[in-house]
Amino acid sequence: MPKKRESRGRRKGDKGKVGYVQCDQCGRRVPEDKAICVTRMYSPVPPQLAEELEKKGAIIQKYPVRKCYCVSCAVHLGIVKVRPEEEREEKPAFT
């Protein structure tokens, strides 16, 4: 059976076995190297209050929050886009 992608949709390389992470949206278990992970900065202070405090010279701490999504949830949330056919890579011809 031919494979669709050379990497089989993963960034594993020669690592052997990799662990699983749980999708933060739907709860599906996805291999760590296949999951789409996004790190965003989170501040517990509301943005309007933070603006006022920063004008007065206060330093507001922001914390990195890492969220991992399965491929279908990442596409649904707009984190990853489905490329049109013209932009996709050409597959090598099998002989």
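One structure accompanies this document, and this report is about it. (Residues numbered from 1 in each chain as written. Predicted model: local features only at pLDDT ≥ 70, side-chain atom pairs only at ≥ 80, totals over all residues. Heavy atoms only, no water.)

Attention now moves to the overall build of the protein chain. Helices and strands together make up the secondary structure of the protein chain, namely two helices and four strands. Counted from the first residue to the last, the protein chain has its helices and strands arranged as β-β-β-α-β-α. In terms of overall size, the protein chain is more extended than a compact globule, its C-alpha atoms giving a radius of gyration of 20 Å where 95 residues would be expected to give roughly 12 Å. C-alpha atoms of the protein chain, sized along the principal axes, occupy 70 × 35 × 25 Å. In the protein chain, which comprises 95 residues, the share counted as buried stands at 17%. Within the protein chain, residue pairs in contact and separated by at least 24 positions form 49% of the contacts whose partners lie at least 6 positions apart. (Helix = DSSP H or I, 4+ residues; strand = E, 2+ residues; numbered from the N terminus. Rg over C-alpha atoms; globule rule 2.2 N^0.38 Å. Buried < 20%, exposed > 50% of the residue type's maximum accessible area, 1.4 Å probe, protein only. Contact = heavy atoms within 4.5 Å.)

Turning our eyes to something else, we now look at the pattern of salt bridges. Under the defined criterion, the tally for this structure stands at one salt bridge. Residue Arg10 pairs with Asp33 through a salt bridge whose shortest N-O separation is 3.2 Å. With Arg10 in the segment before strand S1 (20-22) and Asp33 in the loop between strand S2 (29-31) and strand S3 (36-42), this residue pair connects regions lying 23 residues apart in the sequence. When its relative accessible area of 5% is taken as the criterion, Asp33 is described as buried. (Salt bridge = Lys/Arg side-chain N within 4 Å of Asp/Glu carboxyl O.)

At Arg8, a position not held by glycine, the phi torsion is positive, near 60°. Inspection of the secondary structure assignment puts Arg8 in the segment before S1.

Time to look at the state of the cysteines. Enumeration over the complete set of coordinates arrives at one disulfide. At a sulfur-sulfur separation of 2.3 Å, the disulfide partner of Cys37 is Cys68. Its S-S torsion of approximately 100° makes the covalent link between Cys37 and Cys68 right-handed. Of this pair, Cys37 sits in strand S3 while Cys68 sits in strand S4 (residues 63-69), and the two are 31 residues apart along the sequence. There is no disulfide at Cys26, and the cysteine sulfur nearest it, in Cys73, is 3.6 Å away. (Disulfide = S-S within 2.5 Å.)

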